[in-house]
Amino acid sequence: MAGYVGIFVSDPWLQNQFTQVELRSLKSQFLSIRRETGKLALGDLPSKMSRLKVIGEILSEEERELIIQDFYQNIDEEVDFESFLRVYLKLQAQATSRRGSGAKDSFSFLKAATTTLLHTISESEKSSYVSHINNYLKDDEFLKKYLPIDPSTNDLFEIAKDGVLLCKLINVAVPGTIDERAINTKRILNPWERNENHTLCLNSAKAIGCTVVNIGTQDFIEGRRHLVLGVISQIIKIQLLADLNLKKTPQLVELVDDSKDVEELMSLPPEKILLRWMNFQLKKSEYQKTVTNFSSDVKDAEAYAYLLNVLAPEHGDKSIFTVRDYLERAKLVLQHADKMGCKRYLTAKDILEGSPNLNLAFVAHIFQHRNGLSTQTKQVSFLDTSLEDNQVSREERAFRLWINNFGHSTYINNVFEDLRNGWVLLETLDKVSPGIVNWKIANKPPIKMPFKKVENCNQVVKIGKQLKFSLVNVAGNDIVQGNKKLILAYLWQLMRFNILQLLKNLRYHSHGKEITDAHILEWANTKVRNSGSQCRMDSFKDKSLSDGIFFLELLSAVQPRVVNWSLVTKGSTDEEKTMNASYIISIARKLGCSIFLLPEDITEVNQKMILTLTASIMYWFMKQPTDDRPSVASDSDTSSNSTTDDSASDSSSTDNGIL
């Protein structure tokens, strides 16, 4: 490890943002800049960082100065390497956002920017989200001593500093995401425990679909209001939109006429389904317009007046249709909603101002409370036969979250639909293997001509073959046509390639040799054996792994303090296996592993997801400074001479937690 002395950083979150190659390059740039100036201060960075690629090309010196001044009060503060890296990430986020601004999706609240030049927050949104938190977490044993939160203060951001609130909120949005046994809930947490909670929160937020690119644990600890509120906003909206799919609400088939339309509906993001539902109900009234967004189209409150009258005419006031004043009409709408028992989430003023987040939350809550759809669904039999196999659905979810975690300009809601133009696949390939995409022949969305999509996908297939993927008889048109089997096969090979490349980059003693599945298997068995345990796994499909004990031993081997063995079950029954699997996923995320598998993937021994879990733990361990590693485990015996073990697995370099 001597070759990397001085490159490592102490902050675990910062470690996870870069490969060793990138850290070495940035350290060289940092030292070069500091040699020029002698003492390097924050105020020197706007001009000195112009030499950095992307940042220097896209952001002007004045813009770089504004961003730095917005984050740091004292620009005379001396900069060390870790501070330099933090500034670099903030500027890179702005530059990347600027470069990708051409591809806008007005529906994708999940892709909303979390870093802007002026970090202002909406007091209305803060008040609405505080009300939501007070309502849904009021009975929580740990939090009830802090609730209710006063929305007129900044108490929300203070309470969020220990990480518990956000972890609990994630579980409200998607129950079971975090095993609460893994949350540190002492009344007074030390910095390490607080950092663990935030790491668990961020990795779990990614796992439910939040975009948290370039947000770190330090942002929560320091209470950066716009970032904290941005994450809370995403979590709450995921909760409110949870029922907007055919699995949760099969009655949504009423919105379409035939099987082809049902398939299209299943591929839509929840925001678009909500709009379609709203327009479906409005057609039952005299309202003549089509609502296309949750901002300008609802500012006059007229659409709301007709919608609520359709859903709950018994609470309506006919005079609302003669009211000319928009503010007065908005007030009557909210009175109607109150009578229905719907939470407001917004004020009459918010309606007039066209607040997209709060209007969406309002309509989503109306849908949850009274959707006006039939309690009987004639097409349920078709729906049952058309829903994808559970295994395929789980794989699609894992790959979708993995791709979105790269922070592309386009948010993916369904890999079978949203990858068909090839663009996001090309972006992902470029992240995984920088420079491999020929952007000169790539076609950027929106793409109207079908052959342009085929051209993109042909390049995707060509690169796959270049990376030695198994793509027999696969053509670009198969991706354009949405061939589910082939898309999943390609994505798995891409994810696996990414995993092996990341590990190869960290293996200082690999001397350029390829890392294989067999290396990962041997590493895990060696770590567990050296810790004194008799557990072992024969392959990534070893059925004995279903009880979870091996992975708990592995996690304990790489970080002895992370597993509380008093909470571990024997794994004898299905219930005990599920409890162990849930605990494994949460403590791995708490450690710093960004993983997208579900407890069922462990209990059913899904070998693809088992490989990603093992590799993610290995990757985290390999990134730790040598001095911080447990003495019971040694790296030296992981250099296996084995070739790829097909029995172990069927078939950016920047790390944003992309395992």
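Keep in mind that this is a model prediction, so the values were computed, not measured. (Residues numbered from 1 in each chain as written. Predicted model: local features only at pLDDT ≥ 70, side-chain atom pairs only at ≥ 80, totals over all residues. Heavy atoms only, no water.)

Moving on to the overall build of the protein chain. Scanning the protein chain for helices and strands turns up 30 helices and 0 strands. Counting over 659 residues, the protein chain shows a buried share of 57%. (Helix = DSSP H or I, 4+ residues; strand = E, 2+ residues; numbered from the N terminus. Buried < 20%, exposed > 50% of the residue type's maximum accessible area, 1.4 Å probe, protein only.)

Here we come to the side chain of Asn279. Within the secondary structure layout, Asn279 lies in helix H14 (residues 270-282). Under the relative-accessibility criterion, Asn279 is labelled buried at 13%. If we skip the residues at most four places from it in the chain, Asn279 touches Lys289, Thr290 and Val291. (Contact = heavy atoms within 4.5 Å.)

Across all of its chains, the model carries 13 aromatic pairs by this definition. Plain terms: the ring middles of Phe469 and Phe497 are 6.2 Å apart, the flat faces sit at 65° to each other, and that makes the pair edge-to-face. Highlighted residues: Phe469 in the loop between helix H23 (450-466) and helix H24 (476-480) and Phe497 in helix H25 (residues 484-506), separated in sequence by 28 residues. Residue Phe469 is classed as buried on the basis of its relative accessible area, which comes to 9%. What makes Phe497 buried here is its relative accessible area of 16%. Ring geometry for Trp523 versus Phe621: centroids 5.9 Å apart, planes at 50°, classification tilted. You can see Trp523 sitting in helix H26 (residues 517-530) and its partner Phe621 sitting in helix H30 (residues 607-622), a full 98 residues away along the chain. (Phe/Tyr/Trp six-rings, centres within 6.5 Å; stacked < 30°, edge-to-face > 60°.)

Next up on the list: empty space enclosed by the protein. In this structure, the second largest cavity spans a volume of roughly 40 Å³. If you go around the second largest cavity, the residues you meet are Lys206, Gly209, Cys210, Thr211, Leu401, Asn404, Asn405 and Tyr411. Across the lining of the second largest cavity, the residue classes tally to 3 nonpolar, 4 polar and 1 charged. (1 Å grid on protein atoms, 1.4 Å probe; cavity = no way out; pocket = protein on both sides within 12 Å on 5 of 7 lines; lining within 4 Å. Points joined across faces, edges and corners; volume = space filled by probe spheres on them. Nonpolar A, V, L, I, M, F, W, Y, C, P; charged D, E, K, R; others polar.)

With that settled, the discussion passes to the confidence of the model for the protein chain. Model confidence for the protein chain is summarised by a mean pLDDT of 84, while 85% of its residues fall at 70 or above. Confidence drops under a pLDDT of 50 for residues 1-6, and excluding neighbours within four residues, the segment shows 10 contacts in the predicted structure. For residues 99-118, every residue scores under 50 in pLDDT, and the model assigns this stretch 44 contacts once sequence neighbours within four places are set aside. (pLDDT = per-residue confidence, 0-100.)

A few words on the nonpolar core. In terms of nonpolar packing, the biggest core is built from 178 residues, with Leu274, Trp277, Met278 and Leu429 touching the most fellow members. In terms of residue count, H25 provides more of this core than any other element does, 13 residues in total. When sequence neighbours within four positions are dropped, the list of residues in contact with Leu429 reads Ile436, Val437, Val460, Ile463, Leu467, Tyr490 and Leu494. In terms of nonpolar packing, the next biggest core, distinct from the first, is built from 27 residues, Leu26, Ile33, Leu89 and Ala95 among them. (Core = buried A, V, L, I, M, F, W, Y, C linked by side-chain atoms within 4.5 Å.)

Structurally, Thr612 can be placed in helix H30. Look at Thr612 and you get buried, because its relative accessible area is 3%. Spatially, the C-alpha atom of Thr612 lies 7.7 Å from that of Arg496, the residues being 116 residues apart in sequence. A distance of 2.8 Å separates a polar side-chain atom of Thr612 from the backbone oxygen of Met609. (Polar contact = N/O pair within 3.5 Å; in protein donor to acceptor, adjacent residues only side chain to side chain.)

Here we come to H23. Relative to the 24 Å expected for 17 residues at 1.5 Å per residue, H23 spans 25 Å between its end C-alpha atoms, a close match to the ideal helical length. Among the residues of H23, those classed as buried are Asn456, Cys457, Gln459, Val460, Val461, Ile463 and Gly464. Of the surrounding elements, those touching the buried residues of H23 are helix H22 (423-432), H24 and H25. (Expected span 1.5 Å × (residues − 1).)

Here the bond from Leu147 into Pro148 is cis, since omega is 0°, no more than 30 degrees from zero. Positionally, Pro148 belongs in the loop between helix H7 (123-136) and helix H8 (155-159). Looking along the chain, the bond that leaves Pro445 and enters Pro446 is cis, with omega of 0°. Along the polypeptide, Pro446 turns up in the loop between H22 and H23. Its identity is not glycine, yet Lys468 carries a phi of approximately 70°, on the positive side. Note that Lys468 resides in the loop between H23 and H24.

Turning our attention to the packing of H26 against H30. Packing of H26 against H30 leaves a shortest axis separation of 10 Å and a crossing angle of 70°. Considering their axes alone, H26 and H30 lie roughly perpendicular with respect to each other. For the crossing formed where H26 meets H30, the hand is left-handed. Note on element contacts: H30 touches H26 through Leu611, Thr614, Ala615, Ile617, Met618 and Phe621, opposite Asp517, Ile520, Trp523, Ala524 and Lys527. Residue classes in the contact of H26 with H30 are distributed as 8 nonpolar, 1 polar and 2 charged. (Axes fitted to C-alpha atoms, helices over the stretch in contact; angles between N-to-C directions. Parallel < 35°, antiparallel > 145°, perpendicular 65-115°, else oblique. Left-handed = near helix turned anticlockwise from the far one by under 90°.)

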